[in-house]
Amino acid sequence: MSSENRIIDSDDDDCRLPADTMLVLQQFLREKELREKAEEAGELAGSKEFEENWQLSQFWYNEDTKVKLAQAVRYFKDASEGKELRVALLSSPSLYHHVKEVIENVTLFEFDQRFASIGEDFKHFDYNRATEDGYLEEFRESFDLIIADPPFLSEECIEKMGTVVRRIAKPDCRTVLCSGRAVQEWAKKFLGLDMCKFEPQHERNLGNEFASYANFDLDSVLAEKV
């Protein structure tokens, strides 16, 4: 029996949802079921349509945020004057396609194995392994621009993300961190980043207040016409 039918067949009148809410829920469950079947069949491989996995603390950016962060990538690509620019996306898979449209050399470091469907740009990533000897050593001092979105708003997570960033960043690397306002102290302590005015937004309304942090003037970059 599908999850949709389990809800509809419930005899507990006290828990019955309003009719309009039920319709929305039924539609969501139908779309979810179809999407899961498509994923199993490989029909979404490499597409932009994977659903968020809340158990992995995944929350996709809205279109405006994806466009603006891709704009920052384009700014530094143009400023590189033909030199190779390498971009790393840490735990920010919803950015991948927008960034890939701007620059070819992008690596997605992501825990969710579904994104292996993008091919060689995918690198399985677990921030909990940050302190392991030799972890991501093949990427040491490799990237010119890093955009990171830690999955958790905890000091431990930000500290370990900082360890990874320092390992894979070139000495003059630009770094952007998108996370909650609550991590401001840790963003400065572990990554040397300052809060910017730019506020990342998500497709779903989340309870936490979000902010961006960078080691350069991100707001001025986003104000540039590229």
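Conventions we followed
- Residues numbered from 1 in each chain as written.
- Predicted model: local features only at pLDDT ≥ 70, side-chain atom pairs only at ≥ 80, totals over all residues.
- Heavy atoms only, no water.
- UniProt positions renumbered as here; feature names shortened; annotations may be inferred.
- Helix = DSSP H or I, 4+ residues; strand = E, 2+ residues; numbered from the N terminus.
- Buried < 20%, exposed > 50% of the residue type's maximum accessible area, 1.4 Å probe, protein only.
- Expected span 1.5 Å × (residues − 1).
- Contact = heavy atoms within 4.5 Å.
- Pairing = 2+ DSSP bridges.
- Axes fitted to C-alpha atoms, helices over the stretch in contact; angles between N-to-C directions.

As recorded by an unreviewed UniProt entry, the protein chain carries the name Protein-lysine N-methyltransferase and is attributed to Aedes albopictus. The Function (unreviewed entry) field of the UniProt record for the protein chain holds the comment "S-adenosyl-L-methionine-dependent protein-lysine N-methyltransferase that methylates elongation factor 1-alpha." In its Sequence similarities (unreviewed entry) section, the UniProt entry covering the protein chain states "Belongs to the class I-like SAM-binding methyltransferase superfamily. EFM5 family."

Bringing unusual backbone geometry into the picture now. For S91, which is not glycine, the phi dihedral falls at a positive 55°. Tracing the sequence through the fold places S91 in the loop between β1 (87-90) and α4 (96-100). Since its relative accessible area comes to 16%, S91 is described here as buried. A positive phi is found at L136, a non-glycine position, where the angle reads about 60°. Structurally, L136 is set in the loop between β3 (122-124) and β4 (143-148). By relative accessible area, which is 2% here, L136 ends up buried.

Given a rise of 1.5 Å per residue, 14 residues ought to cover 20 Å, and the 20 Å separating the end C-alpha atoms of helix α5 (residues 155-168) matches this to within 8%. With respect to burial, α5 is a largely interior element, 10 of its 14 residues being buried. Among the residues of α5, those classed as buried are C157, I158, K160, M161, G162, T163, V164, V165, R167 and I168. Contacts from the buried residues of α5 go to β1, β2 (106-110), β4, β5 (169-180) and α6 (184-191).

Strand order across the open sheet formed by 7 strands is β3-β2-β1-β4-β5-β7-β6, with mixed pairing between neighbours. In this open sheet, the two strands that pair with only one neighbour each are β3 and β6 (194-195). One ladder, built from 5 bridges, connects β5 with strand β7 (residues 210-214); its direction is antiparallel. Looking across to β7, one finds that C178 is bridged to S212. Of the strands in this sheet, β1, β4 and β5 touch helix α3 (residues 63-79), which is tilted by about 170° from β4. Sheet strands in contact with α5 are β1, β2, β4 and β5, and its direction is about 155° off that of β5.

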